[in-house]
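Fold and geometry: a report
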Amino acid sequence: MRILLLLLTNFAVLLLVSLTFRLFGIEQMLLSSGTGLNMTSLLIFAAIFGFGGSFISLALSKWSAKRAMRVEVIDSPSSQQERWLLQTVERQAQKAGIGVPEVGIFPSNVVNAFATGMRRNNALVAVSSGLLKKMTPDEAEAVLGHEVAHVANGDMVTMGLLQGVLNTFVIFLSRIIGHFVDRVVFRNERGFGIGYFVVSIIAQIVLSILATIIVMWFSRWREYRADAGGADLAGRQKMIAALKRLQQNQAEDLPGELAAFGINGGKPTGLRALFLSHPPLESRIAALQKPGGMR
């Protein structure tokens, strides 16, 4: 179910825009050139809506995360624990050279946390209520360092740009495939026939799945970087201890795009491993235990 939701998140904007443009005949107007494709127009069309969907998703990330996860942002701390959270994130943000993110808590018994936001100096770091109950202060500090490292590394923007590039190629290649099948298989010699519309939609779905595999591979690589950043901000042994604690509280990823910037991930099994946003915890611990750690 998590994988399905992730695929739908990446694909929904592209499909909605595509169907809307086809319904009003705008796509045909942009792409037609006699009986062929105008490749320049197609590439511009693909780039605008490939990056447009990714940009919209990134711009709304904080807003949607707060509502989807029911995050309570700490404006004025009402307890010693909340005060500690704010002070820890502020100290780590200053050390990392970024603006202090908003800090929040979301209701969940699962040990997890995430960071999101469009800009490094205007991000959100949130932890689950379960994490605060089940982790020691040192372990929680390391988790916060991991999330602050995500922000400092610009991971949200990098992932958004990568998704935009892949979206562009998904739109571009799916139209070329649809056009080829329409001309060669269905032997349509004028305009865009039913073969073009059906095949391009199918190709877009398949290519979107392949694009998601690439994004998830990159996300797993970024997790090693965030672990190293968390070790720098909180201490290597604290980071290792936090990851070992997560082994005792293994859980599914956060929903949708938040999964890529959480701390906890699911266990890989079969083809499902290709869609995981996090590498195995055993690999992450081993990387930190190496001399010099993972960079």
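In this report, the structure presented in the accompanying data block is examined. (Residues numbered from 1 in each chain as written. Predicted model: local features only at pLDDT ≥ 70, side-chain atom pairs only at ≥ 80, totals over all residues. Heavy atoms only, no water.)

1. Structural notes on the overall build of the protein chain
Selection rule: Each helix is a run of DSSP H or I of at least 4 residues and each strand a run of E of at least 2, with the numbering of both proceeding from the N terminus. Each residue gets one of three labels from its accessible area relative to the maximum for its type: buried under 20%, exposed over 50%, partly exposed in between, using a 1.4 Å probe on protein chains only. Residue contacts are defined here by distance: any two heavy atoms, one from each residue, within 4.5 Å place the two residues in contact. Here the accessible surface of atoms and residues is derived via Shrake-Rupley with a 1.4 Å probe, and residues count as covered only by protein chains that are part of the display.
Per the secondary structure count, the protein chain includes 11 helices and six strands. Scored against the burial criterion, the 295 residues of the protein chain give a buried share of 51%. Looking at the protein chain alone, contacts between residues at least 24 apart form 70% of all its contacts between residues at least 6 apart. Of the accessible surface of the protein chain, which amounts to about 13,700 Å², a share of 64% is contributed by carbon and sulfur atoms.

2. What about the packing of aromatic side chains?
Cut-off, in case you're wondering: Only Phe, Tyr and Trp rings are paired, with Trp represented by its six-membered ring, and only when their centres lie within 6.5 Å; those with planes under 30 degrees apart are stacked, over 60 edge-to-face, the remainder tilted.
Applying the stated criterion across every chain, the model contains four aromatic pairs. For the pair Phe106 and Phe114, a centre-to-centre distance of 5.5 Å together with 40 degrees between the ring planes defines the contact as tilted. Using a relative accessible area of 0% as the deciding quantity, one classes Phe114 as buried.

3. Examining the pairing of strand β5 (residues 113–119)
Condition: By the convention used here, strands pair only if DSSP detects at least 2 bridges between them.
The buried count for β5 comes to five of seven residues, which makes it a mostly enclosed element. Here β5 runs beside strand β6 (residues 122–128); their pairing, made up of five bridges, is antiparallel. Bridging across to β6, Ala113 finds its partner in Val127.

4. A few points about the packing of helix α10 (residues 236–248) against helix α11 (residues 281–289)
Selection rule: Here an axis means a line fitted to C-alpha atoms, over the contact stretch when the element is a helix, while the angle between two N-to-C directions is reported on a 0 to 180 degree scale. By definition in this entry, angles of less than 35 degrees are roughly parallel, angles greater than 145 are roughly antiparallel, angles of 65 to 115 are roughly perpendicular, and the rest are oblique. Each crossing is labelled by how the near helix is turned from the far one, with a counterclockwise turn of less than a right angle marking it left-handed and a clockwise turn marking it right-handed.
Interhelical geometry of α10 versus α11 gives an angle of 165 degrees and a closest axis separation of 10 Å. It follows that α10 is roughly antiparallel to α11 by the angle criterion. Pair α10 / α11 crosses with left-handed handedness. In this structure, α10 contributes Arg236, Met239, Ile240, Leu243, Lys244, Leu246 and Gln247 to the contact, and α11 contributes Leu281, Glu282, Arg284, Ile285, Leu288 and Gln289.

5. What to know about the nonpolar core
Heads up, the rule is: In plain words, nonpolar cores are sets of buried Ala, Val, Leu, Ile, Met, Phe, Trp, Tyr and Cys residues tied together by side-chain atoms within 4.5 Å.
Ranked by internal contacts, the top residues of the largest apolar core, which has 36 residues, are Leu85, Val127, Leu131, Met135, Met239 and Leu243. The residues touching Leu243, leaving out its near neighbours within four places in the chain, are Asp227, Leu281, Arg284, Ile285 and Leu288. Counting eight residues, the second largest nonpolar core, distinct from the first, contains Met159, Leu207, Val215 and Met216.

6. Description of the sheet that holds strand β3 (residues 72–73)
In any sheet, the strands associate via hydrogen bonds between backbone groups, in a parallel or an antiparallel arrangement. Ordered in space as β3-β4-β6-β5, the four strands form an open sheet in which the pairing is mixed. A strand with exactly one partner marks an edge of an open sheet, and here the two such strands are β3 and β5. Sheet strands touched by helix α4 (residues 61–68): β3, β4 (102–106), β5 and β6. Its angle to β5, the strand with the most contacts, is close to 150 degrees.

7. Some words on the packing of helix α7 (residues 137–152) against α10
Selection criterion: Side-chain classes are defined by residue name, with Ala, Val, Leu, Ile, Met, Phe, Trp, Tyr, Cys and Pro counting as nonpolar, Asp, Glu, Lys and Arg as charged, and the others, Gly among them, as polar.
Where α7 meets α10, the axes come as close as 8 Å, and the angle between the chain directions of the two elements is 100 degrees. Regarding the angle of α7 to α10, the classification is roughly perpendicular. Touching Asp138, Glu139, Glu141, Ala142, Val143 and His146 of α7 are Lys238, Met239, Ala241, Ala242 and Arg245, all from α10. Among the residues forming the contact of α7 with α10, the class breakdown is five nonpolar, one polar and five charged.

8. Here we look at the pattern of salt bridges
As a reminder of what qualifies: By convention in these notes, a salt bridge is any Lys or Arg side-chain nitrogen within 4 Å of a carboxyl oxygen on Asp or Glu.
Following the criterion strictly, the structure yields 10 salt bridges and no others. Between Arg222 and Asp155 there is a salt bridge, with the nearest N and O atoms lying 2.1 Å from each other. Pair noted here: Arg222 is in helix α9 (residues 194–234) and Asp155 is in helix α8 (residues 155–184), with a separation of 67 residues, a long-range link. Residue Arg222 is classed as buried on the basis of its relative accessible area, which comes to 8%. Overlapping salt bridges bring together Arg91, Asp138, Glu141 and Lys238 as one network.

9. Brief notes about a nonpolar patch on the surface
Selection criterion: Exposure above 30% relative accessible area and the lack of any salt bridge qualify a residue for a patch; like charges then connect within 9 Å, and the nonpolar side chains Val, Leu, Ile, Met, Phe, Trp and Tyr within 5 Å.
There is a patch of nonpolar side chains on the surface, built from Phe51, Val157, Leu161, Val165, Phe169, Leu173 and Ile177 and spanning about 560 Å² of accessible area. Mapped onto the elements, Phe51 comes out in helix α3 (residues 39–59).

10. Concerning the pairing of β4
Look at any regular strand and the pattern is simple: side chains alternate between the two faces of the sheet. Buried residues dominate β4, accounting for four of its five residues. Judged from the two bridges that link them, β3 and β4 form a sheet pairing that is antiparallel. Considered in β4, the bridge of Glu72 is made with Ile105. Of the pairings in the sheet, the one linking β4 to β6 comprises five bridges and is parallel in character. Residue Phe106 lies in a different strand from β6, and its bridge partner there is Ser128.

Everything listed here is a matter of geometry and, on its own, says nothing about what the molecule does.
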